[in-house]
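# A structural walkthrough
Residues per chain are reported as follows:
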Amino acid sequence: MSIYDTLNEQQKKGVFTTDGPVLLLAGAGSGKTRVVVHRIAYLIEEMGVNPFNILAITFTNKAAGEMRSRVDKLIGFGSEQIWVSTFHSMCVKILRRFADKIGYDTNFVIYDTDDSKAIVKEIIKKLNIDTRYIKEKAIRGAISHAKDELIGVEQFEKDAAYDMNERKIAAAYREYQTTLKKNNAMDFDDLIYNTVKLFKEHPQVLLNYQERFLYIHVDEYQDTNTAQFELVRLLADKNKNLCVVGDDDQSIYKFRGANIRNILDFEKTYPNATVIKLEENYRSTQNILDAANAVIHNNVRRKDKSLWTRKDSGNQVHFRQFETGKEEAEFIVSDIKSKSRKGIIGYSGCAVLYRTNAQARLIEEACIMSGVPYQVVGGVNFYSRKEIKDLMAYLKTIDNGKDDLAVKRIINIPKRGIGATTILRAQEAADAENISFYDALKKARSIPSLAKSADKIERFTDLIEYFRHRLEEYTLVDLMDEIISKTGYVEELKNDGDDTALDRIGNIDELITKINTFTDENEEATLSDFLAEVALVTDLDETEDDVEKLMLMTLHAAKGLEFPHVYIAGMEDGIFPGMMSIVADERDELEEERRLCYVGMTRAMVDLTLCCAKCRMQRGELQYNAVSRFVKEIPMELLDNKPQVRRTRDFDDYGDDSGFASSFKPKAIARAKQTERMPVMAKEVKALNQISGLAKGSDMNLGELDYTVGDRVHHIKFGDGTVTKIDREPRDYKVTVDFDTAGTRIMYAIFSKLKKI
DNA sequence: TAGTTGGGTTTTTTT
DNA sequence: AACCCAACTA
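Each value, and the rule that gives it
- Residues numbered from 1 in each chain as written.
- Chains lettered and ligands numbered in written order.
- Predicted model: local features only at pLDDT ≥ 70, side-chain atom pairs only at ≥ 80, totals over all residues.
- Heavy atoms only, no water.
- Helix = DSSP H or I, 4+ residues; strand = E, 2+ residues; numbered from the N terminus.
- Buried < 20%, exposed > 50% of the residue type's maximum accessible area, 1.4 Å probe, protein only.
- Contact = heavy atoms within 4.5 Å.
- Areas by Shrake-Rupley, 256 points an atom, 1.4 Å probe, with all protein chains shown as cover.
- Phe/Tyr/Trp six-rings, centres within 6.5 Å; stacked < 30°, edge-to-face > 60°.
- Lys NZ or Arg CZ within 6 Å of the ring centre and 35° of its normal.
- Salt bridge = Lys/Arg side-chain N within 4 Å of Asp/Glu carboxyl O.
- Pairing = 2+ DSSP bridges.
- Axes fitted to C-alpha atoms, helices over the stretch in contact; angles between N-to-C directions.
- Core = buried A, V, L, I, M, F, W, Y, C linked by side-chain atoms within 4.5 Å.
- Patch = residues over 30% accessible without salt bridge, like charges linked within 9 Å, V, L, I, M, F, W, Y side chains within 5 Å.
- Lys, Arg positive; Asp, Glu negative; His and termini not counted.
- Charge placed at Lys NZ, Arg CZ, Asp CG, Glu CD.
- Polar contact = N/O pair within 3.5 Å; in protein donor to acceptor, adjacent residues only side chain to side chain.
- Disulfide = S-S within 2.5 Å.
- Parallel < 35°, antiparallel > 145°, perpendicular 65-115°, else oblique.
- Left-handed = near helix turned anticlockwise from the far one by under 90°.
- Nonpolar A, V, L, I, M, F, W, Y, C, P; charged D, E, K, R; others polar.
- Right-handed = clockwise from strand over helix to strand, strands pointing away.

## A few points about the overall build of chain A
Summing up its helical and strand segments, chain A has 32 helices and 20 strands in all. Looking at chain A as a whole, 53% of its 757 residues are labelled buried. Put simply, 74% of the contacts in chain A that link residues at least 6 apart link residues at least 24 apart. Taken as a whole, chain A presents about 34700 Å² of accessible surface, with 51% of it coming from carbon and sulfur.

## With respect to the packing of aromatic side chains
A full pass over the atoms with the stated rule returns 16 aromatic pairs. In this structure an aromatic cluster arises from ring pairing among Trp 83, Phe 98, Phe 199, Tyr 209 and Phe 213. If you follow Arg 96 out to its NZ or CZ, it ends over the ring of Phe 108, 4.3 Å from the centre. The positively charged end of Arg 212 is found above the aromatic ring belonging to Trp 83, 5.1 Å away from the centroid.

## Notes on the pattern of salt bridges
Inspection of every chain in the model, using the stated rule, returns 60 salt bridges. Of the charged contacts, one joins Lys 182 and Asp 431 as a salt bridge, the two residues approaching to 3.8 Å between their closest N and O atoms. Taken as a pair, Lys 182 in helix 8 (residues 164-182) and Asp 431 in helix 19 (residues 420-433) lie far apart in primary sequence, 249 residues in all. Overall, the relative accessible area of 39% leaves Asp 431 in the partly exposed class. Of the charged contacts in the structure, one is a salt bridge between Glu 473 and Arg 470, with a shortest N-O distance of 3.7 Å. Taken together, the positions of Glu 473 and Arg 470, both in helix 21 (residues 454-473) and three residues apart, correspond to about one turn of that helix. The exposure class of Glu 473 is exposed, given its relative accessible area of 58%. Taken together, the salt bridges that share partners define one network made up of Asp 247, Asp 248, Asp 249, Arg 302, Asp 304 and Lys 305.

## What to know about unusual backbone geometry
The omega torsion across Phe 576 and Pro 577 is 5 degrees, close enough to zero to call that bond cis. With respect to the element layout, Pro 577 can be found in the loop between strand 13 (563-568) and helix 27 (579-583). Backbone geometry at Asn 184 places phi at a positive 55 degrees, although glycine is not the residue there. For Asn 434, which is not a glycine, the phi torsion comes out positive at approximately 55 degrees. Note on placement: Asn 434 falls in the loop between helix 19 and helix 20 (437-442). Residue Asn 434 is classed as exposed on the basis of its relative accessible area of 65%.

## Describing the sheet that holds strand 1 (residues 22-26)
Here six strands make up an open sheet; going across it, the order is 3-2-6-7-1-8 and the pairing parallel. Whereas interior strands pair on both sides, the edge strands pair on one side only; in this sheet they are strand 3 (83-86) and strand 8 (274-278). The mean angle between the axes of side-by-side strands here comes to 15 degrees, regardless of whether they run parallel or antiparallel. One ladder, built from three bridges, connects strand 6 (residues 215-218) with strand 7 (residues 242-246); its direction is parallel. Looking across to strand 7, one finds that His 217 is bridged to Cys 243. Lying on the sheet, helix 2 (residues 32-45) is in contact with strand 1, strand 2 (54-58), strand 6, strand 7 and strand 8; it crosses strand 6 at an angle near 170 degrees. This element, helix 4 (residues 87-98), spans strand 2, strand 3 and strand 6 of the sheet and lies at about 110 degrees to strand 3.

## Looking at the nonpolar core
Core analysis: the largest hydrophobic core is formed by 50 residues, its most contacted members being Leu 395, Leu 441, Met 480, Ile 483, Leu 511 and Phe 530. The leading source of residues in this core is helix 17 (residues 386-399), at seven residues. Look past the residues within four positions of Ile 483 in its chain and what remains in contact with it is Leu 391, Tyr 394, Leu 395, Ile 398, Phe 467 and Gly 488. Formed by 49 residues, the second largest nonpolar core is a distinct cluster that contains Met 90, Ile 94, Phe 229 and Ile 263.

## Some thoughts on the environment of Ala 227
Considering the arrangement of structural elements, one finds Ala 227 in helix 11 (residues 226-236). Note: C-alpha distance between Ala 227 and Gly 246 (19 residues apart in sequence) is 17 Å. With residues up to four places along the chain from it excluded, the contact list for Ala 227 reads Lys 147, Asp 148, Leu 150, Ile 192 and Val 196.

## A word on helix 25 (residues 527-535)
Along helix 25, seven of the nine residues are buried, which leaves the element largely enclosed by surrounding structure. Listed in full, the buried residues belonging to helix 25 are Leu 527, Ser 528, Phe 530, Leu 531, Ala 532, Val 534 and Ala 535.

## Topic: a negative patch on the surface
Where like charges cluster on the molecular surface, the negative patch consists of Asp 520, Glu 521, Glu 523, Glu 524, Asp 529 and Glu 533. Those elements that place two or more of their residues in the negative patch are helix 24 (501-521) and helix 25. Here Glu 523 shows up in the loop between helix 24 and helix 25. On the accessibility criterion, Glu 523 (72% relative accessible area) is exposed.

## Quick notes on the side chain of Arg 355
Turning to its location among the elements, Arg 355 is positioned in the loop between strand 10 (350-354) and helix 16 (360-370). Take Arg 355: its relative accessible area is 19%, and that puts it in the buried class. Among the polar contacts listed, one links the side chain of Arg 355 to the side chain of Glu 593, at a separation of 2.4 Å. In this structure Arg 355 touches Thr 554, Leu 555, His 556, Ile 575, Phe 576, Glu 593 and Leu 596, once residues within four positions along its chain are discounted.

## Examining the environment of Tyr 374
By the secondary structure assignment, Tyr 374 is in strand 11 (residues 374-376). Separated by 27 residues in sequence, Tyr 374 and Tyr 347 have C-alpha atoms that sit 8.0 Å apart. A polar side-chain atom of Tyr 374 sits 2.9 Å from a polar atom in the side chain of Glu 364.

## Here we look at the state of the cysteines
Applying the stated criterion across every chain yields a total of zero disulfides. Cys 350 carries a free sulfur, and the closest cysteine sulfur to it, the one in Cys 367, is 11 Å from it. Since its relative accessible area comes to 0%, Cys 350 is described here as buried. Just so you know, Cys 597 is unpaired, no disulfide at all, and the nearest cysteine sulfur is the one on Cys 612, 12 Å from it.

## A closer look at the environment of Met 47
Tracing the backbone shows Met 47 in the loop between helix 2 and strand 2. Setting aside residues up to four positions removed in sequence, Met 47 forms contacts with Thr 18, Asp 19 and Tyr 42.

## A few points about the packing of helix 21 against helix 22 (residues 476-487)
Helix 22 packs onto helix 21 with a crossing angle of 160 degrees between their chain directions and a minimal axis gap of 11 Å. On the basis of the axis angle, helix 21 is roughly antiparallel to helix 22. The crossing of helix 21 and helix 22 is right-handed. Contacts from Leu 463, Tyr 466, Phe 467, Arg 470 and Leu 471 in helix 21 reach Leu 479, Glu 482, Ile 483, Lys 486 and Thr 487 in helix 22. Its residues assigned to classes, the contact of helix 21 with helix 22 comprises six nonpolar, one polar and three charged.

## Things to note about the pairing of strand 2
Extensive coverage of strand 2 is indicated by the burial of five of its five residues. Side chains of strand 2 alternate between two faces, with Ile 54, Ala 56 and Thr 58 and Leu 55 and Ile 57 buried alike. By the bridge criterion, four bridges tie strand 2 to strand 6 in an arrangement that is parallel. Note on strand 6: the bridge partner recorded for Ala 56 is His 217. By the bridge criterion, four bridges tie strand 2 to strand 3 in an arrangement that is parallel. The residue bridging Thr 58 from the neighbouring strand is Thr 86, located in strand 3. A crossover links strand 2 with its parallel partner strand 3, the connecting element being helix 3 (residues 61-74), and its sense is right-handed.

Okay, structure coming up:
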């Protein structure tokens, strides 16, 4: 009995068709990763291919890690030689070797979204662009899109010749690339773009990789953009042993440049391609599949296929409608809690999915209130938190003074009395002499305009130079420790007693742990290596999956995962599908939302619950939404509750909702009054006033804590602890508690709801 | 120069 | 509600 016997016929075909182009159209849950992994095993063990000659590309680090470990398990020997990598990290590896051929240093830094934002802002000022007509986001979007489509600056300028705004954007694009090059930096899009450029301009480099990668696999092929497509095409051009796996119904990254044509037209690009459809689903019950199929069938632009399963029909899909978003969240969490209590399913077997990250808050609050352990996947990236970015900027500056952006970030952190004026002057001097910002700082004393602040500047550059010398003998962790102590970063955090200070310090500890792990795993690694690694890491990559926690994430983040019980919150027109896609004149956008819905539904293995609210807070205003059209696309008999026809608005049971009390401000109410648009508003304003009364009430409560220093208290999330300090603040008490298990936390009395025990 | 306040703006989704 | 920016004050 061989490892291939467990595969179905179609899967086998995918595994055994090793030569030539192969398109594996793999529906959700049809075992596509399994096919790729077995295929790799087959190549090595049956075809005698050297693992060294195999490449597997994924989109996320997590997917790469998953594939790596599954390959390791299936293939005993030599599996570490296989190149399993994301597009981005593959390109970094290639560019670290050859970037000098296209005019970069090989130790280039990688700019994240925040960095490019900052650059674009500078450019807007420099080029005097009026942001009333051209938004910063539009510029960034245009630049990014251009690179995704392999449109360089020159081409962009040509195309833009006849349009005022486009010409401005073209100028910004040019300036942006110049700035990045000057800083020896590449953004995410550059990584792909430049690798393609490298391959096109240097055929011998390309050939080198073509001869190495004899068998190429691309996962989630439907998410490739034009540049990635071209990259793959070039790599596979010599041998054409290209196996792409994807599902056009799960293409949900158009906004990031993904070109669905890549998968729809694969057969046009490779006329002799073998096309294999995997339609047997091993994940979900028939009811869930039928519902998902019914939704996706409303899309026009797709390859027709229908998933089926050998499983029973299972439960109906649950549908629940609530008055408010808060009730929705409370229901979801209490439902999960009761399932867990009854032993139906553990917390880690459940996931709550939503369209936008902002929706996570309500669910989170409900979890805290009822003591359900949870983990939010994604959200704010660890590495984009202020304190982490600050310390990383120190590392970047020490590593490579060419990154002006990093230097400017920390030059006055902690405060050194170097303000905007000085920075501007130094930049002018740098521009005039055509040197980097940091080099200009080092020459401050000989630059007249900087003479006044030369002392302060020198103290900063001396510090950096000191760290640079230390780099030779120190480990990365020691260096980090010294940066923290010499700059007094943590000290300062502690002193200004911000209520987020402890979280921030915790983050810094985590950063140190991460550095430690990295240096343990990569003994030879340099500081540059660490910085590159970090630049490509997202929070999505770091989910601990074996812990008993309820998972909260966006629908996008859920792709590729599965859970026994899935809840989708906010099934409302305007939220999901989002307003933008409803208003858009092209059908495309709505189809993408529908695919997203399909992705979400097909995450569920045994139980799927769709929820919505009639009314919820959005952008500081109450909004009334109709039930999502996607729910209505599901045949009635598959649902346990019918979507109601929309009732007249009615708020009678809404007034006592004290949960909103602390978040309402008079300003919001004034605005709500201003935007009055319908007769119903009168009632709404009444409800709001009622709530605002409660808000005032809670402010007056100051002075009535039922515990004091030394008392034992209970917190719903952190458990029991001892109060060590209470500070009076204008609006509230700030309470410091030493928790038995959760460490020391500083929190506001009203929010923390501590109970004396 | 630094910190605060007020006003205006904004929204998907992420490598 | 959250964020960013500009203007004002200390």
